[in-house]
Amino acid sequence: FCFGRQLRAMGQSGLANPLLGEGALGYKTPVYSLLAGSAVAFVLCFVIQWAYHIRTQLLNLCMLLAVASYFTQFASFVILRTKFATIRREFVSPLGMGGAAYGSAVFFLAFVAICGFQETRIAIVAFVVFVALTSLYYLLVVRARQSISQEEKAVMFRLYLLKRE
């Protein structure tokens, strides 16, 4: 259900196909997103089950993407903490900026370890190609059609007001 909600949010903001942002029959259930995500998951399960030689490379690719995702979350934490320091937050990390620096270092080392201890470089090449293609897709397609949802507008307006004070 979580990936369905994420795909729906991406469809509503223009990051993915707008069809993914629609609900079925007027309900808020992200049916199209759930179907699309389930189809991708089924294909991946099929590949893992029947293509034994790809399993390790697919695992390494998933780990590289996960580590990169966590690293960018720490970078976002640092940027929001420095540029929007006056915003009241519901949760305040007890580790603060030091925890973000430590987490970034851990995930950077994990990234280096995954890249450095592979027999082949297929996962690294696939990671670079994936990041390049998604970046190119964002630059050429998404930037022209991306929009902000009503929920995002409310949050961003609040950030704007707080930043001006």
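Our structure is the block above this text.
Being a predicted model, the structure only gives us computed values, none of them experimental. (Residues numbered from 1 in each chain as written. Predicted model: local features only at pLDDT ≥ 70, side-chain atom pairs only at ≥ 80, totals over all residues. Heavy atoms only, no water.)

**A look at the environment of L64**
Assignment of secondary structure puts L64 in helix α3 (residues 52-83). As for L64 and Q49, which are separated by 15 residues in sequence, their C-alpha atoms are 21 Å apart. Excluding residues that lie within four positions of it along the chain, L64 makes contacts with F111, I114, C115, Q118, A123, I124 and F127. (Helix = DSSP H or I, 4+ residues; strand = E, 2+ residues; numbered from the N terminus. Contact = heavy atoms within 4.5 Å.)

**A short note on the packing of helix α2 (residues 31-50) against α3**
For any two helices packed against each other, the geometry comes down to the angle between their axes and how far apart the axes lie. With their axes 6 Å apart at the nearest point, α2 and α3 run at an angle of 125 degrees to one another. Judged by the inter-axis angle, α2 sits oblique to α3. Across from L44, V47, I48, Q49 and W50 in α2, the residues of α3 making contact are Y52, I54, R55 and L58. Classifying every residue of the contact of α2 with α3 gives seven nonpolar, one polar and one charged. (Axes fitted to C-alpha atoms, helices over the stretch in contact; angles between N-to-C directions. Parallel < 35°, antiparallel > 145°, perpendicular 65-115°, else oblique. Nonpolar A, V, L, I, M, F, W, Y, C, P; charged D, E, K, R; others polar.)

**A look at the side chain of R8**
Position of R8 relative to the elements: it lies in helix α1 (residues 2-13). Classification of R8 as buried rests on a relative accessible area of 16%. (Buried < 20%, exposed > 50% of the residue type's maximum accessible area, 1.4 Å probe, protein only.)

**Section: the packing of aromatic side chains**
Inspection of every chain in the model, using the stated rule, returns four aromatic pairs. Between F46 and W50, the ring centres sit 6.4 Å apart and the planes meet at 50 degrees, which makes this aromatic pair tilted. Here W50 and F46 lie together in helix α2, a separation of four residues that amounts to about one turn. For F46, a relative accessible area of 48% corresponds to the partly exposed category. For W50, a relative accessible area of 58% translates into the label exposed. Ring plane angle 65 degrees and centroid distance 5.4 Å describe the contact between F111 and F127, whose orientation is recorded as edge-to-face. Of this pair, F111 sits in helix α4 (residues 96-116) while F127 sits in helix α5 (residues 122-145), and the two are 16 residues apart along the sequence. Through successive ring pairs, a cluster of aromatic residues spans Y70, F74 and F107. (Phe/Tyr/Trp six-rings, centres within 6.5 Å; stacked < 30°, edge-to-face > 60°.)

**A short note on the packing of α3 against α4**
Viewed as axis vectors pointing N to C, α3 and α4 meet at an angle of 160 degrees, and their least axial separation amounts to 9 Å. Relative to α4, the element α3 is oriented roughly antiparallel. The interaxial crossing formed by α3 with α4 has left-handed handedness. Listed contacts from α4 to N60, M63, L64, V67, Y70, F71, F74, F77, V78, R81 and T82 of α3 are G96, M97, G99, A100, G103, S104, F107, F108, A110, F111, I114 and C115. (Left-handed = near helix turned anticlockwise from the far one by under 90°.)

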